[in-house]
Amino acid sequence: GKQALEALITKDKPIATELAECIAALKVKKFSSCIECGGNLEENLYRILQKEKSWPDISYRQVYWVAAVTAAAGLAQRGRYLQSQNMLDKANILGLDFRALP
């Protein structure tokens, strides 16, 4: 989260701002905001991925993971478990770098 935010601040201010909103919502457990900001950031990053055909760099992948997990936390808190699981699947498939796993 923090390293990805620092890397994006100079590259993509709108994405960095949305990431900061997600982190803030998680910190105070404002789950309705988690759904909104996490979902919006996930959609915006997915559009970038579709347009570029890959992540511009690793920080976008990391931020995608944070966005999807943030949305999933909010959805689960609201009892929307299938949608939450869908977001967690997206986080793991598109947001984790399998080459970096042990």
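These numbers come from a predicted model, not from an experiment. (Residues numbered from 1 in each chain as written. Predicted model: local features only at pLDDT ≥ 70, side-chain atom pairs only at ≥ 80, totals over all residues. Heavy atoms only, no water.)

### What to know about helix α4 (residues 58–77)
Right, on to step 1. Helix length check: α4 (20 residues) gives 29 Å between terminal C-alpha atoms against 28 Å at 1.5 Å per residue, within 8%.
Right, on to step 2. Downstream of α4 by a residue or two, G79 has a phi angle that is positive, lying close to 80°. (Helix = DSSP H or I, 4+ residues; strand = E, 2+ residues; numbered from the N terminus. Expected span 1.5 Å × (residues − 1).)

### Some thoughts on the side chain of D12
Right, on to step 1. Among the structural elements, D12 can be located in the loop between α1 (2–11) and α2 (13–27).
Right, on to step 2. One buried charged side chain, D12, makes no salt bridge at all; its nearest oppositely charged neighbour is K11, positioned 9.2 Å away.
Right, on to step 3. A distance of 3.2 Å separates polar atoms of two side chains, one belonging to D12 and the other to Y60.
Right, on to step 4. Apart from the residues lying within four places of it in its own chain, the contact partners of D12 are I48 and Y60. (Buried < 20%, exposed > 50% of the residue type's maximum accessible area, 1.4 Å probe, protein only. Lys, Arg positive; Asp, Glu negative; His and termini not counted. Salt bridge = Lys/Arg side-chain N within 4 Å of Asp/Glu carboxyl O. Polar contact = N/O pair within 3.5 Å; in protein donor to acceptor, adjacent residues only side chain to side chain. Contact = heavy atoms within 4.5 Å.)

### Here's the deal with the packing of helix α3 (residues 31–52) against α4
For any two helices packed against each other, one specifies the crossing angle of their axes together with the interaxial distance.
Right, on to step 1. Where α3 meets α4, the axes come as close as 7 Å, and the angle between the chain directions of the two elements is 145°. Here α3 runs over α4; the crossing is left-handed. Two secondary-structure elements touch here, α3 through F31, C34, I35, C37, G38, G39, L41, E42, L45, Y46 and I48 and α4 through Y60, V63, Y64, A67, A68, T70, A71, A73, G74, L75 and Q77.
Right, on to step 2. In the contact of α3 with α4, the residues fall into 16 nonpolar, 5 polar and 1 charged. (Axes fitted to C-alpha atoms, helices over the stretch in contact; angles between N-to-C directions. Left-handed = near helix turned anticlockwise from the far one by under 90°. Nonpolar A, V, L, I, M, F, W, Y, C, P; charged D, E, K, R; others polar.)

### So, the packing of aromatic side chains
Right, on to step 1. Scanning the model with the defined rule gives 1 aromatic pair in all.
Right, on to step 2. Measuring from centroid to centroid gives 5.4 Å for W55 and Y64, while their planes differ by 45°, and the two rings are tilted.
Right, on to step 3. Judged by its relative accessible area of 11%, W55 falls in the buried class.
Right, on to step 4. A residue is classified by how much of its surface remains accessible, and Y64, at 0% relative accessible area, is buried. (Phe/Tyr/Trp six-rings, centres within 6.5 Å; stacked < 30°, edge-to-face > 60°.)

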